[in-house]
Amino acid sequence: MSSDTTNSKGNNVGLIALVVGIVGIVIALFGFKQGWDNGDVRPIMSWLIGIGFWLSIAIGMLFLTQIWYVFHARWPTIIRRQCEHGMAAFPYLLVLFLPLLAIPFLHENPGLLWKWMDGHNALPGHGTVGEDPLYQWKSPFLNIPFFAIRAVGIFGVFILVSGLLRRWSFNTDTTGDVNNLHNARRLSSLGLFLTSIAMTLGAIDWFKSLEYHWFSTMYGVWFFAASMRAAISALLILCVILAAKGYLKGILKQAHRYDLGCLMLTFTIFWTYISFSQYFLIYSANIPEETFWYNIREMNFDGTRNSWWWVSMGLIFGHFLTPFLCLLWYKTKVVVWRTVLVACWILAFHVLDLYWNIVPGKMVTPDHGPGYLVRQFSISPYDIAALIGIGGICIFAMCRSMKKAEPIPVRDPNILTSLNYTE
Amino acid sequence: MATTTQDSSMDATQAALLAKVQPAELQEQPLVTNNRDFNWVTDKICRIVETKTPTWWWICMAVALMTASFTGLGLLWLVSSGVGVWGLANPINWGWAIVNFVFWIGIGHAGTLISAVLCLLKQGWRTSINRAAEAMTIFAVVCAGIFPLFHVGRVWFAWWLFPIPNSNGIWPQFRSPLEWDVFAVSTYGTVSVLFWYMGMIPDLSVLRDRAVQRLKKNAYEGAGALAKGMDIFRKNFYAIFAMGWRNAGNHWRNYEMAYLILAGISTPLVLSVHTIVSFDFALAVLPGWHTTIFPPYFVAGAIFSGFGMVLTLMLPLRALYGMHDLITQRHIDNMCKICLGTGSIVGYAYIMEFFIAWYGANPYESFAFINRAFGQYWWAYVMMFSCNVFTPQLFWFKKVRQNWALVWVMSIFINVGMWFERFVITVTSLANDFLPSSWGYYSPTMVDILTFFGTFGLFSVLFLLFLRFLPLMPIAEVKFVMPAADPHGHHGDEKGDHH
């Protein structure tokens, strides 16, 4: 950091974030333990929602950084540094992911969260996972050892790529060595491939396989779109806070905010395009193997409308239409409070999108008879605790990273273009 | 401290931070090399149109016309005999016609991507190639349109595709993506023509003014009456289409605004057109077609094939017109990298389709993909995969990107591979559908082959006419990205001619 004052501010924020994070995590882990002991999956899903939310932001920041490197983008140079700090959360997220990974190894029902992990788990209608021909077919991919190896590999890619990008960028601050930039550009070209594959596998394993019968080739792209939206919104809020209270005061220009706003609009449209295409093609084909995933997000087994219908409508109007219409206006992208409001709105609905993807599920009826029950929409205090707790740790990781490098990449070859950037 | 703009809200901390700013030196190749001046750019681009028609142009035109005649003959044969002259037969009722349609439409996409999307992304390198790519878009749409138009059988009833009230009370099927294609492609064609034409207006005025200047000087001694006659023609022709452009400040202001709006309209069009083209397949409940990734995968594939074609066209043009300073290695590098990126996205989709076909545990879906790779059309799948996924991986290497002949050959591979992609999608799923007793093998007839072959001639005829009569590059935009136009850069000896 550039001065003691800013340093101490950063320290304070980091410390507060750490304390809040620990408190949140303790509460969420208490819920996790309750779920673990009682065989109740809902508090465990809270943890997955929390991980999913913060991981998607970090993944989005990793993608943004790499895309900017690959396209030789100059304007976001000062913003890229904030992404680099945000990416410091990956190793912490790996540690925070471990409780989820412990379930298949340590719990008496390995399939507590991902039901395919236990062959004894009953399926709606009749039979068990182990007797299910669909599971038997998928078991070469959906098995616990391979799942764990993939999880380690996925985090390994994120940590390795983000770590190298951070190191080279920070190194440029002191050495001014332009080779760091060349290395970062080369790695980003390859890294985009690696992170795309890792992210796709993560989305399939952690979210899609919750209902392992369901399949969609688009799912990885959905998670990419969602992650980019979340990351851009979080980045904008972060930059505005740093411009108001921290080291970006007078450095972050309206033009930077405007371009981030344009990116928010772009990825709002892209997320909608992907989500709609997936829905539309499945709706149109009307094949029961695929449509059930959307059906349970709309109605119960008896055809009555369930709580997810309202969430689905909320996503259409709240996650697409409202930010889309707002961001079409120039002023929304330049008036600070409006941009921040839209960014917060997008993040809130991103959480809802994760709920929508994670929580609904088919449950067996009490008599294990025909039909199924749908796990309904609910907001648990543990959801909030996990979101705040994991977020606190991620913010702590970011503040810790901020102490390791200059607030902006002062010796980056493109720093002047970014500092003097105008619309 | 290096030059930075300081905000009044900054305090000492930020000022101290800015004092540390000391950017490292980064050598980057300019977008116009050899320190060319503004006059050179104007002259270079205009002289393509103004000088005597080169012999190679006449030879190419003759060959192109002859090739195009195959399409004419093929269509004549089709109209007089019926669609049966094509190789379509149950169960493969979509054959080369839809393959060729998607192939040509895809090629068009790079033009819009370069002119609209790269404009919105402020990518300066687009300026040297955008005009030719836009022209390519329009000519590709013309070629594409032929196939569905004649596939309707009785082409004189093709206007029924439009929802026009008629005495028979016959309406198109609005729920069919083929009908959506009619709207998508015609909108796309219209906007592309508008965008292309509007971007040319300032350059047409330059050609007009240069003809007027020459006529005023009357410097035609030795050049003959033909040269003067041509300039009179140019003066009038370009004057009409330049619509009174005088380079006034308000002209440029309106132009920039209109350009931006058209770029904004064109960008969703790029996505929508190929998305709807992908719906032609994805909305059918057929293994291999019904898959959710089709929309973005088709868009990426279209951009991939379009950039392949831009490279195929621009590399020879660059050599023929000596435009190495305008279409530099940096441009070629960028285009190769876009091919690498989009080719890899296409590869991601191929693998994802294959994986989910297995993961979905649907035996019909699994069969469709195994049959694609190892069935009767394995050779087409190998062509598709190797040309589209493996070939562009060579673009990782700088030495490959710097070998223009190799890049050109690889761009041909991309074109071939993308044609095969559409063939694989269309034919393999239809040939081996749900009912093994009706399985078939599709072979094109000579009419199919010659009609498609002829479209390359038609495309070339149109492109050659474009080269001869219209400015190949947007003159002002090229100047804007020159080092001489940089207010912070070294101006050298350039003269400030902004024509």
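Rules behind the numbers
Residues numbered from 1 in each chain as written. Chains lettered and ligands numbered in written order. Predicted model: local features only at pLDDT ≥ 70, side-chain atom pairs only at ≥ 80, totals over all residues. Heavy atoms only, no water. Helix = DSSP H or I, 4+ residues; strand = E, 2+ residues; numbered from the N terminus. Rg over C-alpha atoms; globule rule 2.2 N^0.38 Å. Buried < 20%, exposed > 50% of the residue type's maximum accessible area, 1.4 Å probe, protein only. Contact = heavy atoms within 4.5 Å. Areas by Shrake-Rupley, 256 points an atom, 1.4 Å probe, with all protein chains shown as cover. Lys, Arg positive; Asp, Glu negative; His and termini not counted. Charge placed at Lys NZ, Arg CZ, Asp CG, Glu CD. Salt bridge = Lys/Arg side-chain N within 4 Å of Asp/Glu carboxyl O. Polar contact = N/O pair within 3.5 Å; in protein donor to acceptor, adjacent residues only side chain to side chain. Axes fitted to C-alpha atoms, helices over the stretch in contact; angles between N-to-C directions. Parallel < 35°, antiparallel > 145°, perpendicular 65-115°, else oblique. Left-handed = near helix turned anticlockwise from the far one by under 90°. Nonpolar A, V, L, I, M, F, W, Y, C, P; charged D, E, K, R; others polar. Core = buried A, V, L, I, M, F, W, Y, C linked by side-chain atoms within 4.5 Å. pLDDT = per-residue confidence, 0-100. 1 Å grid on protein atoms, 1.4 Å probe; cavity = no way out; pocket = protein on both sides within 12 Å on 5 of 7 lines; lining within 4 Å. Points joined across faces, edges and corners; volume = space filled by probe spheres on them. Buried area = accessible area lost by both parts, 1.4 Å probe.

S.K.: Describe the overall build of chain B, with residues and values.
M.R.: Along its length, chain B carries 16 helices and 0 strands. Computed over the C-alpha atoms, the radius of gyration of chain B is 25 Å, within 12% of the 23 Å expected from 2.2 N^0.38 for a compact globule of 499 residues. Taking the principal axes of the C-alpha coordinates as reference, chain B spans close to 75 × 70 × 50 Å. Looking at chain B residue by residue over its 499 residues, the buried ones come to 55%. Put simply, 82% of the contacts in chain B that link residues at least 6 apart link residues at least 24 apart. Summing over all exposed atoms, chain B offers an accessible surface of approximately 21300 Å²; the carbon and sulfur share of this is 68%.

S.K.: Please give an account of the overall build of chain A that cites residues and values.
M.R.: Scanning chain A from terminus to terminus reveals 15 helices and 2 strands. On C-alpha atoms alone, chain A measures out to a radius of gyration of 22 Å, which is about the 22 Å that the 2.2 N^0.38 rule sets for 423 residues. Within chain A, the proportion of its 423 residues that are buried is 63%. As presented, chain A carries roughly 15700 Å² of accessible surface, and 69% of it is formed by carbon and sulfur atoms. Taking the average location of the 30 positive side-chain charges in chain A and that of its 23 negative ones, the two points are 13 Å from each other.

S.K.: So what's going on with the side chain of E290 of chain A? Residues and values would help.
M.R.: Within the secondary structure layout, E290 of chain A lies in helix 10 (residues 288-295). Here E290 of chain A occupies a buried position and makes no salt bridge, while the nearest side chain of opposite charge, K208 of chain A, is found at 10 Å. Within the structure, E290 of chain A has its side chain in polar contact with the side chain of H290 of chain B (distance 2.6 Å).

S.K.: Lay out the packing of helix 4 (residues 90-106) of chain A against helix 14 (residues 381-402) of chain A in plain terms, naming residues and giving numbers.
M.R.: All names here are of chain A. Contact geometry of helix 4 with helix 14 gives a least axis separation of 9 Å together with a crossing angle of 155 degrees. One way to sum up the angle between helix 4 and helix 14 is to call them roughly antiparallel. The handedness of the crossing between helix 4 and helix 14 is right-handed. Across the interface between the two elements, Y92, L93 and L96 from helix 4 touch I390, I393, C394, F396, A397 and R400 from helix 14. Grouping the constituent residues of the contact of helix 4 with helix 14 by class yields 8 nonpolar, no polar and 1 charged.

S.K.: An account of the environment of F466 of chain B is requested, with residue identities and associated values reported.
M.R.: Residues and elements named next belong to chain B. Summarising the element assignment, F466 is placed in helix 15 (residues 446-469). For F466, a relative accessible area of 2% puts it in the buried group. When the C-alpha positions of F466 and P165 are compared, they lie 38 Å apart, and in sequence the two are 301 residues distant.

S.K.: Summarise the nonpolar core; cite the residues concerned and give the values.
M.R.: Formed by 298 residues in total, the largest nonpolar core has its most connected members in L100, W114, W206 and I408 of chain A together with W104 of chain B. The greatest single-element share of this core, amounting to 20 residues, is contributed by helix 8 (residues 219-245) of chain A. In this view, I408 of chain A contacts I78, R81, D173, L248, I251, I415 and L419 of chain A together with L17, L18 and V21 of chain B; residues no more than four positions away in its chain are not counted.

S.K.: Which residues make up the confidence of the model for chain A, and what values do they have?
M.R.: The predicted model of chain A averages 93 in pLDDT, with 97% of residues at 70 or higher. Overall, residues 1-5 of chain A carries pLDDT values under 50, and its contacts beyond four positions in sequence, including any with other chains, amount to 12 contacts.

S.K.: So what's going on with the pattern of salt bridges? Which residues, and what values?
M.R.: Residues and elements named next belong to chain B. For the coordinates displayed, the defined rule picks out 22 salt bridges over all chains. The closest approach of N and O atoms between R214 and E50, which form a salt bridge, is 3.4 Å. Highlighted residues: R214 in helix 6 (residues 177-217) and E50 in helix 2 (residues 38-50), separated in sequence by 164 residues. Classification of E50 as buried rests on a relative accessible area of 14%. A salt bridge links E353 to R372; the nearest nitrogen and oxygen atoms lie 3.8 Å apart. Placement of E353 in helix 10 (residues 329-359) and of R372 in helix 11 (residues 363-374) is noted, with a sequence separation of 19 residues between them. With relative accessibility at 3%, the residue E353 sits in the buried group. With relative accessibility at 2%, the residue R372 sits in the buried group. One continuous salt-bridge network, built from bridges that share partners, spans D43, E50, R210, R214, D231 and R234.

S.K.: Describe empty space enclosed by the protein, naming the residues involved and giving the relevant values.
M.R.: Counting across every chain of the model gives 7 cavities of 30 Å³ or more. Surrounding the largest cavity, 13 residues form its lining, F215 and T217 of chain A together with H290, T291 and I356 of chain B being those nearest its centre. Looking at the lining of the largest cavity, the elements with two or more residues in it are helix 10 and helix 11 of chain B. No other element matches the 3 residues that helix 10 of chain B contributes to the lining of the largest cavity. Its residues assigned to classes, the lining of the largest cavity comprises 4 nonpolar, 6 polar and 3 charged. In this structure, the second largest cavity spans a volume of roughly 70 Å³.

S.K.: Run through the interface of chain A and chain B, naming residues and quoting values.
M.R.: Facing the 64 residues of chain A at the interface are 48 residues of chain B. At the boundary of chain A with chain B, total buried surface from both sides reaches about 4800 Å², with 67% on carbon and sulfur atoms. It is T217, Y273 and L281 of chain A in chain A that bury the most area against chain B; as a group they hold 16% of the surface buried on that side. The interface formed by chain A and chain B contains 2 salt bridges. Linking D259 of chain A and K122 of chain B is a salt bridge whose minimum nitrogen-to-oxygen distance equals 3.9 Å. Within the residue set of the side of chain A that touches chain B, elements represented by two or more residues are helix 5 (133-138), helix 7 (179-207), helix 8, helix 9 (254-285) and helix 15 (415-419) of chain A. By residue number, the principal contributor to the side of chain A that touches chain B is helix 9 of chain A, which donates 10 residues.

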